[in-house]
Amino acid sequence: MDSYINSNELHETGAEHSHDEEGNKMFGFIVFLLSESVIFLSFFAGYIIYKTTTPNWLPAGVSGLEIKEPTINTIILVASSFVIYLAERALQRHDLVKFRLFLLTTIVMGTYFLVGQAIEWNGLAFGFTSGVFGSTFYLLTGFHGLHVFTGILLQLIILVRSFISGNYDTGHFGVNATSLFWHFVDIIWIILFVLIYVWQ
């Protein structure tokens, strides 16, 4: 009887320790995202200040940015946040088939966004050295694109790990953190889209 009680106590203690450890990891990850937010906010502030104080803001020969394709890319990227949320829910129900399907769909949507951004860059009539606007445009969209690329790599990792038997039986920190990172990337892009494409 004593050994049975001790076994239960050990199991409960182990579960609590695992839960606390996962909570600490998530707290650390949130702190990391907050630090990333400070970097982006400083970029946003700089963009606003430069735009409102720089004469001849747009490069010579450029009247504005095409908004149609970036809008489509934005819709796809924002929609991918809902898809990765569905992937999280599927994993919580231990439905690995749907988890992989939704995650793969998110990866494809993120890749579509990056390809669309690359096509846009290739067709622009200005470069990184085309005044303050050119440098800030490429800095902001490029830095965000790097985060999208990182998010895709993280999703590929957790997708591969889903094929390891029992890998997600003890916790979903990697999936939850990756999903949170992806939501963060999407929110940042919405702000960027408004600043760069809507506010012209």
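For clarity, every value in this text was computed on a predicted model and none was experimentally measured.

(A) Fine view of the nonpolar core. Of all hydrophobic cores here, the largest spans 42 residues; its most connected members are Leu65, Phe99, Phe126, Phe137 and Ile196. Taken together, the elements giving at least two residues each to this core come down to helix H1 (2-53), helix H2 (68-92), helix H3 (96-123), helix H4 (131-161) and helix H5 (173-198). Sorting elements by how many residues they give to this core places H5 first, with 13 residues. The residues contacting Phe126, other than those within four sequence positions of it, are Pro59, Val62, Leu65, Phe133, Gly134, Phe137 and Tyr138.

(B) A look at the packing of aromatic side chains. Here the structure, examined in full by the defined rule, presents 18 aromatic pairs. Taken together, a centroid distance of 5.8 Å and an interplanar angle of 40 degrees make the contact between Phe29 and Phe32 tilted. With Phe29 and Phe32 both in helix H1, this residue pair falls three residues apart, about one helical turn. Taking the centre distance of 5.1 Å and the plane angle of 70 degrees together, the rings of Trp121 and Tyr138 count as edge-to-face. Here Trp121, found in helix H3, pairs with Tyr138, found in helix H4; they are 17 residues apart in sequence, far enough to count as distant. Residue classification places Trp121 among the partly exposed residues on the basis of a relative accessible area of 30%. Since its relative accessible area comes to 12%, Tyr138 is described here as buried. One aromatic cluster is present, formed by Tyr47, Trp57, Phe113, Trp121, Phe126, Phe133, Phe137, Tyr138, Trp189, Phe193 and Tyr197 through successive ring pairs.

Reading the values: the criteria
Residues numbered from 1 in each chain as written. Predicted model: local features only at pLDDT ≥ 70, side-chain atom pairs only at ≥ 80, totals over all residues. Heavy atoms only, no water. Core = buried A, V, L, I, M, F, W, Y, C linked by side-chain atoms within 4.5 Å. Buried < 20%, exposed > 50% of the residue type's maximum accessible area, 1.4 Å probe, protein only. Helix = DSSP H or I, 4+ residues; strand = E, 2+ residues; numbered from the N terminus. Contact = heavy atoms within 4.5 Å. Phe/Tyr/Trp six-rings, centres within 6.5 Å; stacked < 30°, edge-to-face > 60°.

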